[in-house]
Amino acid sequence: MDLDAALAYLDRHTNLEATAGRVGGLSLERMRALVAALGDPQVDVPVVHVTGTNGKGSTVRMIARLLAAQGLSVGTYTSPHLERLNERLAWDGRPVADEDLAALVGAVALAEPTLAAELGPPSYFEILTAAAFRWFADLAVDVAVVEVGLLGRWDATNVADGRVAVITNIGRDHTDGAEGWREAIAREKAGIVKPGSTLVLGESAPALRPVFDGTDAATIWRRDEAFGCVTNQLAVGGRLVDLRTPAATYDQVFVPAHGAHQGDNAAMAVAAAEAFVGRPAAADVVDEAFAGLELPGRFEIVGHGPLVVLDGAHNPDGARTLRSTLEEGFSPAGRRHVVVGLLGGRDPQAMLEELGVTERDDFVLVAPASPRAVPAAELAAVARDLGLHARTAPSVEQALESVLAVAGPEDVVVVAGSLYVVGPARAWCRAHGLGGRLPSL
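Note that the structure is predicted; figures quoted are calculated from it, not measured.

J.: Looking at this model, I keep getting lost on the overall build of the protein. Mind explaining?
T.: Scanning the protein for helices and strands turns up 14 helices and 17 strands. With respect to the three principal axes, the spread of C-alpha positions in the protein is 55 × 50 × 45 Å. Buried residues in the protein amount to 55% of all 441 residues. Counting contacts in the protein only where the partners sit at least 6 residues apart, residues at least 24 apart contribute 71% of the total. Carbon together with sulfur atoms contributes 49% to the accessible area of the protein, which is approximately 17,600 Å² in total. For the protein, the distance from the average position of its 37 positive side-chain charges to the average position of its 56 negative side-chain charges is 2 Å.

The structure is reproduced here in structure tokens:
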């Protein structure tokens, strides 16, 4: 296969990301059969497995940087991608090459006919996950840092037995909010914790403690008990934090990421790396790892005069965090322009309320390029019910063009609501010279 053929093959399979994973008969049986047909590559790769409602992507990147800085060969598997499918599979920070991705997908295509007919064809995500494990095994990486696609227990990535499991937090996403939803989500995410593993737990709600105590983890490191972010200060270009793990302390670490929540993510990442390696890292290694950290689409500043910020906040907790980050260090002297697009399955009213949009803001609503997109007109109706004036645009690109045509140098432009909005916005900004040397992913 070449890449075009590989992408066409993928597109012929059910993409659960387009349906929010709403399928019946949850099981890992088909995924286990698929990786078995490839030689069970997931058993040849030590895994750090990461789940949580928010912060997964940032934490994965931090863990990968910390392990690579200690001389390990590191694979990462993340989702969704911002601009190119290749981003999802990376080795030592470099996305998989087109020809390698095509060959990996081709290998899965050859394995698919060996699956029992009653299992049905693999999904888009299962194919990519199997390809990722095959690649990491072929490369003989020292560790793969793997992000869960949805929840945990029945996610395709859960065919791997993570030596370290990381659960960032439990929030309201992929749920109808019925009574007991928080405990239910916690149980699903706790499903990635395997016997004998170390659980690095960022969620600190006392009511959920019994859920995680009931896992088969050999050791549980809890935030604010075994590890944590002791001090967390705003700094130019990021945060200045003091971090603590079970075996070490790291003072005055500069994390080039915006938002106080990134201090907690950094603490989890350092703890996870320590748990995997079995010893603390040297202070200069931690400093080096964070110095090169990049978090595309996570409060990513891609322009100045006006300030242009891209953030993948896609649920109320994420929207609240985005708002607090803006208020802490980025209050504009001028006007605020907010471009928002959402996928279905979210609470549009809660999202708009948490973003803190006011009648003074230039508010533009779009529909992401996804089958799950909430129509812009539907979002506009929600905005009107909240007493907000909003206009709509046919696309993310046209929304940005219209906003930047009127934004002054003291204004701030924020694009948020989904990584499916941020990805096209990022590509448009780069094509139009924003962000200076903003790299292609």
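J.: So what exactly am I meant to see when it comes to the sheet that holds strand β13 (residues 307–310) here?
T.: Hydrogen bonds between backbone groups are what pair the strands of a sheet, and the pairing can be parallel or antiparallel. With mixed pairing, the 6 strands of this open sheet are ordered in space as β12-β13-β17-β14-β15-β16. Two strands bound the open sheet, and with one partner strand each, they are β12 (300–303) and β16 (391–392). Relative to strand β17 (residues 412–416), β13 runs parallel, the two being bridged by 4 bridges. Considered in β17, the bridge of Val308 is made with Val413. Its contacts with the sheet put helix α13 (residues 396–406) on β13, β14 (336–341), β15 (362–366), β16 and β17, and the angle it makes with β15 is roughly 165°.

J.: What am I meant to see in the pairing of β15 here?
T.: The side chains of a regular strand alternate, first on one face of the sheet and then on the other. Most of β15 sits out of view: 5 of its 5 residues are buried. Residues Asp362, Val364 and Val366 point to one face of β15 and Phe363 and Leu365 to the other, with burial holding for every one of them. By the bridge criterion, 5 bridges tie β14 to β15 in an arrangement that is parallel. Of the residues in β15, the one forming a bridge with His337 is Asp362. In this sheet, β16 lies alongside β15 in parallel orientation, the contact comprising 2 bridges. When the sheet's bridge partners are listed, Leu365 is paired in β16 with Thr392. On the question of chirality, the crossover connecting β15 to the parallel β16 by way of helix α12 (residues 376–385) is right-handed.

J.: Can you walk me through the side chain of Arg336 in this structure?
T.: Positionally, Arg336 belongs in strand β14. Judged by its relative accessible area of 16%, Arg336 falls in the buried class. Within the structure, Arg336 has its side chain in polar contact with the backbone oxygen of Gly356 (distance 2.8 Å). The residues contacting Arg336, other than those within four sequence positions of it, are Leu326, Leu355, Gly356, Val357, Thr358, Asp361, Asp362 and Val412.

J.: Honestly, the sheet that holds strand β2 (residues 74–77) in this entry has me stumped. Any pointers?
T.: The 8 strands are arranged β4-β3-β2-β5-β1-β6-β7-β8 in an open sheet whose pairing can be described as mixed. With partners counted over all chains shown, the strands left at the sheet margins are β4 (94–95) and β8 (219–222), one partner each. In this sheet, strand β5 (residues 143–147) lies alongside β2 in parallel orientation, the contact comprising 4 bridges. Within the sheet, the bridge partner assigned to Thr76 lies in β5 and is Val145. Against the sheet, helix α8 (residues 261–277) contacts β1 (47–51), β5, β6 (164–167), β7 (198–201) and β8, and its axis sits at roughly 170° relative to β6.

J.: Explain the environment of Asp362 here, please?
T.: Looking at the secondary structure, you find Asp362 in strand β15. What makes Asp362 buried here is its relative accessible area of 7%. Sequence separation between Asp362 and Ala407 is 45 residues, and the spatial gap between their C-alpha atoms is 9.3 Å. Contacts of Asp362, omitting those with residues within four sequence positions, involve Arg335, Arg336, His337, Val338, Arg391, Val403 and Val406.

J.: Could you clarify how one ought to interpret the pattern of salt bridges in this entry?
T.: As a working rule, side chains carrying opposite charge can pair if their charged atoms are close by. Using the criterion set out here, one finds 18 salt bridges in the structure. For the salt bridge of Arg223 with Asp224, the shortest nitrogen-to-oxygen distance reads 3.4 Å. The partly exposed category is assigned to Asp224, whose relative accessible area is 46%. One salt bridge in this structure joins Arg323 and Glu327, with 3.2 Å as the shortest N-O distance.

J.: Sorry if this is basic, but what is going on with the nonpolar core here?
T.: One broad trend across soluble globular proteins is that nonpolar side chains are buried collectively. Grouped together as the largest cluster of nonpolar side chains are 42 residues, with contacts concentrated most on Val200 and Phe290. Breaking this core down by element, the ones donating at least two residues are β1, α3 (56–69), β5, β6, β10 (238–244), β11 (249–255), α8 and α9 (283–291). At 10 residues, α8 tops the list of elements feeding residues into this core. Excluding anything up to four places from it in sequence, Val200 contacts Val164, Ala165, Val166, Ile167, Trp221, Phe227, Met268, Ala271, Ala272 and Ala275.

J.: Would you mind showing me how to read unusual backbone geometry here?
T.: Trans is the prevailing form of peptide bonds, just as negative phi is the prevailing case for residues other than glycine. Going from Ser79 to Pro80, the amide bond is cis rather than trans, its omega being -10°. Of note, the amide linkage connecting Gly305 to Pro306 takes the cis form, showing an omega dihedral of 10°. Of note, Pro306 is situated in the loop between β12 and β13. Phi at Asp40 takes a positive value of approximately 50°, unusual for a residue other than glycine. Tracing the sequence through the fold places Asp40 in the loop between α2 (29–37) and β1. Residue classification places Asp40 among the partly exposed residues on the basis of a relative accessible area of 27%. With a phi angle near 50°, Asp92 is a residue other than glycine that sits in the positive phi range.

J.: Which parts of the structure should I look at to understand the packing of aromatic side chains?
T.: The way to describe two aromatic rings as a pair is by their centre distance and the angle between their planes. Overall, the coordinates contain 3 aromatic pairs when judged by the stated rule. Where Trp135 meets Phe136, the ring centres are 5.8 Å apart and the plane angle is 35°; that geometry is what we call tilted. On the basis of relative accessible area, Trp135 is assigned to the buried category, the value being 8%. For Phe136, a relative accessible area of 0% puts it in the buried group. Plain terms: the ring middles of Phe299 and Phe330 are 5.1 Å apart, the flat faces sit at 45° to each other, and that makes the pair tilted. One end of the pair, Phe299, is in the loop between α9 and β12; the other, Phe330, is in the loop between α10 (316–329) and β14, with 31 residues separating them in the sequence.

Definitions and limits used
- Residues numbered from 1 in each chain as written.
- Predicted model: local features only at pLDDT ≥ 70, side-chain atom pairs only at ≥ 80, totals over all residues.
- Heavy atoms only, no water.
- Helix = DSSP H or I, 4+ residues; strand = E, 2+ residues; numbered from the N terminus.
- Buried < 20%, exposed > 50% of the residue type's maximum accessible area, 1.4 Å probe, protein only.
- Contact = heavy atoms within 4.5 Å.
- Areas by Shrake-Rupley, 256 points an atom, 1.4 Å probe, with all protein chains shown as cover.
- Lys, Arg positive; Asp, Glu negative; His and termini not counted.
- Charge placed at Lys NZ, Arg CZ, Asp CG, Glu CD.
- Pairing = 2+ DSSP bridges.
- Axes fitted to C-alpha atoms, helices over the stretch in contact; angles between N-to-C directions.
- Right-handed = clockwise from strand over helix to strand, strands pointing away.
- Polar contact = N/O pair within 3.5 Å; in protein donor to acceptor, adjacent residues only side chain to side chain.
- Salt bridge = Lys/Arg side-chain N within 4 Å of Asp/Glu carboxyl O.
- Core = buried A, V, L, I, M, F, W, Y, C linked by side-chain atoms within 4.5 Å.
- Phe/Tyr/Trp six-rings, centres within 6.5 Å; stacked < 30°, edge-to-face > 60°.

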